[in-house]
Every structure is written in C-alpha cells, then in structure tokens.
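In case you want the letters, here they are:
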Amino acid sequence: MKVLVIGGMHGNETLGLNVVKLFNDNKVINVDTLLANEQAIEADCRFVGQDLNRSFPGNINSKDYEPKRAAQILKLTKKYDLVLDFHNTFCPNNDCSFIGENANQELSDISWVLGLDKIIVADYDCINKAASNCLSIEVSMSSPLNNAELWYDRILTLSRAESFTIRSDVKKFRFVYRMTLKDKDRLELDKRDLKAFQPMDVKIAKAMGLSSPAYPIFIGDSFTPYNYGGVLNEL
Ligand SMILES: [Zn+2]
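Residues numbered from 1 in each chain as written. Predicted model: local features only at pLDDT ≥ 70, side-chain atom pairs only at ≥ 80, totals over all residues. Heavy atoms only, no water.

1. Structural notes on the sheet that holds strand 4 (residues 96-99)
Then comes step 1: An order of 2-1-3-6-4-5-7-9-8 is seen for the nine strands of this open sheet, with the pairing classed as mixed. A single partner strand is all that each edge strand has here, and the edge strands are strand 2 (31-35) and strand 8 (214-217). Mean inter-strand twist for the sheet, computed between neighbouring axes without regard to direction, equals 30 degrees.
Then comes step 2: Looking at chain direction, strand 1 (residues 3-7) and strand 3 (residues 82-89) are connected through four bridges and run parallel. (Pairing = 2+ DSSP bridges. Helix = DSSP H or I, 4+ residues; strand = E, 2+ residues; numbered from the N terminus. Axes fitted to C-alpha atoms, helices over the stretch in contact; angles between N-to-C directions.)

Right, here's the structure in full:
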C-alpha cells in the first residue's frame, strides 16, 4: 500500500521528525514523507499562528500559515492508501492512535498491526476528521515506542502488505472533553492521581459533566500547557 508518513504536525514533537528523517535517508518504495508545520519545526514550537491539527480542513486561500497549510496537506493525503501522522506527549502510558468519525474500517486493523491497541475517535478539527485514511499515532516520550527505528521497520512491513486478514482487538474510545486549567484549580485535578486510560473517580467526572467510566489522557502535558488534559468515554 502507498503510505504517507507525516512528522511535525506539531513542530516540537520529535518522534515524527525522526521517522521522516529515517525514511528520507533510507528511501522505500511506496513510502513518502511530509514535514507538516515547517515554520513551527524551524522555530521548535507547537505552532506559529494556530494549532495546525485544529485547522482542518483548512483554507487554501487563507493568508494565515496554518489554515493554508492544512488545506495543502489534506489535498496531498488523497493520493495515499494510508497516512500515518506522528505525535508525542509527556503524559506517561498514553500510547494510542486517533481516527476520525468516518475513518476507513481498516485503520483499526492497521493500528493493531502497528502495536497500538487503543483507538480514539476525535471530532475536533484534526486531520483525522478530514482525512478518512489518516491514523494519528500518539506516543509517550517515556515509552519504548518512542523510537524512530522501530517505526521505520513497522511501516516498511506495512507498506509491503496489500491487505490484512488479522482480526484486531482494539479498544475504542471517543474524545469527549478537554480539562481546562480552571477545572484543574476548581477540582484540584493535580492532586487526584489521574493516570492515562485509568478510569477517574465518578464524582470528579460528574463535576465536569461527564459520564463514567471517564478516562483521562494527556494529563498535565507540557506540550499543551494551556489546558490540563483530555477525557475519553468508551465506544
Ligand atoms: Zn501532537
């Protein structure tokens, strides 16, 4: 299958940049690469004007960098069977993948084959919502999966496959809430021992208007200091 590997959707997340570099230095038939937010990569920051991964489907006529870039990237994704978009988080044990609501069925199997058994359906204006062939890969900085060579090998194997006959056993979630800094102060979330993918206290979830079990992710991630994390429900 024809694969596009995206690094630097967020300019300061290094795994994708390293995976892209490996494929650029060791080219493989059927695998192309893209550095997404080139200005943010240059400046070693998440974004320059606005979060690129909240800017889809974008606007090709925009004068602003990220909305225009999102439209360019989305157009490119249509040439591929599969798009893999890499991200990092400082929150430990947070390895997972993201898809959009209308994602191709086989993305679940691909996530499983790649070693990610938790999939989150995201409905904010990320690339996954706009591109049904895009699987975003989220890897904790402290994870053994935060290793570009490992992903090079796995993507190489994947690019040689035509289809999958495996039966995946992924756990699916929906992204339902962003914990704000206000929530953090109001509910003293930093004292609640929240852990990624471990159900939070029912009362705390209720105080944020969420049904249980509610699973926190991206807790206190210094990549996104302007909020305190995300919350999932099971699908
Ligand atoms: Zn990211």
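2. What about the coordination of the zinc ion?
Then comes step 1: Of the protein atoms, only H10 (ND1), E13 (OE), E13 (OE) and H87 (ND1) coordinate the zinc ion, at distances of 2.0 to 2.5 Å.
Then comes step 2: One can describe the site at the zinc ion as irregular: its four donor atoms subtend angles covering 56 to 155 degrees at the metal.
Then comes step 3: Given the relative accessible area of 3%, H10 is considered buried.
Then comes step 4: For E13, a relative accessible area of 3% gives the class buried. (Donors = N, O, S within 2.8 Å, 3.2 Å for Na, K, Ca; no water. Tetrahedral: all angles 85-135°; square planar, octahedral: opposite > 155°, others 65-115°. Buried < 20%, exposed > 50% of the residue type's maximum accessible area, 1.4 Å probe, protein only.)

3. A short note on the packing of helix 1 (residues 14-25) against helix 6 (residues 148-159)
Then comes step 1: Contact pair helix 1 / helix 6: the axes reach a minimum separation of 9 Å and the direction vectors enclose 55 degrees. Between helix 1 and helix 6, the angle falls in the class oblique. Note on packing geometry: the crossing formed by helix 1 with helix 6 is right-handed. Residues L15, N18, V19, L22 and F23 of helix 1 form the contact with helix 6, whose own contacting residues are A148, E149, W151, Y152, I155 and L156.
Then comes step 2: The residue inventory of the contact of helix 1 with helix 6, partitioned by class, reads nine nonpolar, one polar and one charged. (Parallel < 35°, antiparallel > 145°, perpendicular 65-115°, else oblique. Left-handed = near helix turned anticlockwise from the far one by under 90°. Contact = heavy atoms within 4.5 Å. Nonpolar A, V, L, I, M, F, W, Y, C, P; charged D, E, K, R; others polar.)

4. Focus on empty space enclosed by the protein
It is the rolling of a water-molecule-sized probe over the atoms that shows where space remains empty.
Then comes step 1: Scanning the entire structure with this criterion turns up one cavity of 30 Å³ or more.
Then comes step 2: Estimates place the volume of the largest cavity at around 230 Å³.
Then comes step 3: Lining of the largest cavity is provided by 22 residues; of these, H10, R46, R54, E138 and F218 occupy positions nearest its centre.
Then comes step 4: Mapped onto the lining of the largest cavity, the elements with two or more residues apiece are strand 3, strand 6 (134-140) and strand 9 (229-234).
Then comes step 5: Looking at the lining of the largest cavity, the element that brings in the most residues is strand 3, giving three residues.
Then comes step 6: By residue class, the composition of the lining of the largest cavity is five nonpolar, eleven polar and six charged. (1 Å grid on protein atoms, 1.4 Å probe; cavity = no way out; pocket = protein on both sides within 12 Å on 5 of 7 lines; lining within 4 Å. Points joined across faces, edges and corners; volume = space filled by probe spheres on them.)

5. Structural notes on the pattern of salt bridges
Then comes step 1: All chains considered together, the criterion is met by twelve salt bridges.
Then comes step 2: Across the pair K129 and D125 runs a salt bridge whose closest N-O atoms are separated by 3.2 Å.
Then comes step 3: A relative accessible area of 34% places D125 in the partly exposed class.
Then comes step 4: Of the charged contacts in the structure, one is a salt bridge between E234 and K171, with a shortest N-O distance of 3.7 Å. With E234 in strand 9 and K171 in strand 7 (residues 171-179), the pair connects residues that are 63 residues apart, well separated along the chain.
Then comes step 5: Several salt bridges share partner residues, and in doing so they unite E13, R46 and D51 into one network. (Salt bridge = Lys/Arg side-chain N within 4 Å of Asp/Glu carboxyl O.)

6. Quick word on the domain arrangement of the protein
Then comes step 1: Assigned domains within the protein: domain 1 (3-169) and domain 2 (175-234).
Then comes step 2: Contacts between the two partners involve 24 residues from domain 1, matched on the other side by 13 residues from domain 2.
Then comes step 3: Across the domain 1 to domain 2 interface the summed buried area is about 1400 Å²; carbon plus sulfur atoms make up 65%.
Then comes step 4: For the pair domain 1 and domain 2, the interface holds zero salt bridges.
Then comes step 5: Only strand 3, strand 4 and strand 5 (118-121) provide two or more residues apiece to the side of domain 1 that touches domain 2. (Domains from an automatic or database assignment. Buried area = accessible area lost by both parts, 1.4 Å probe.)

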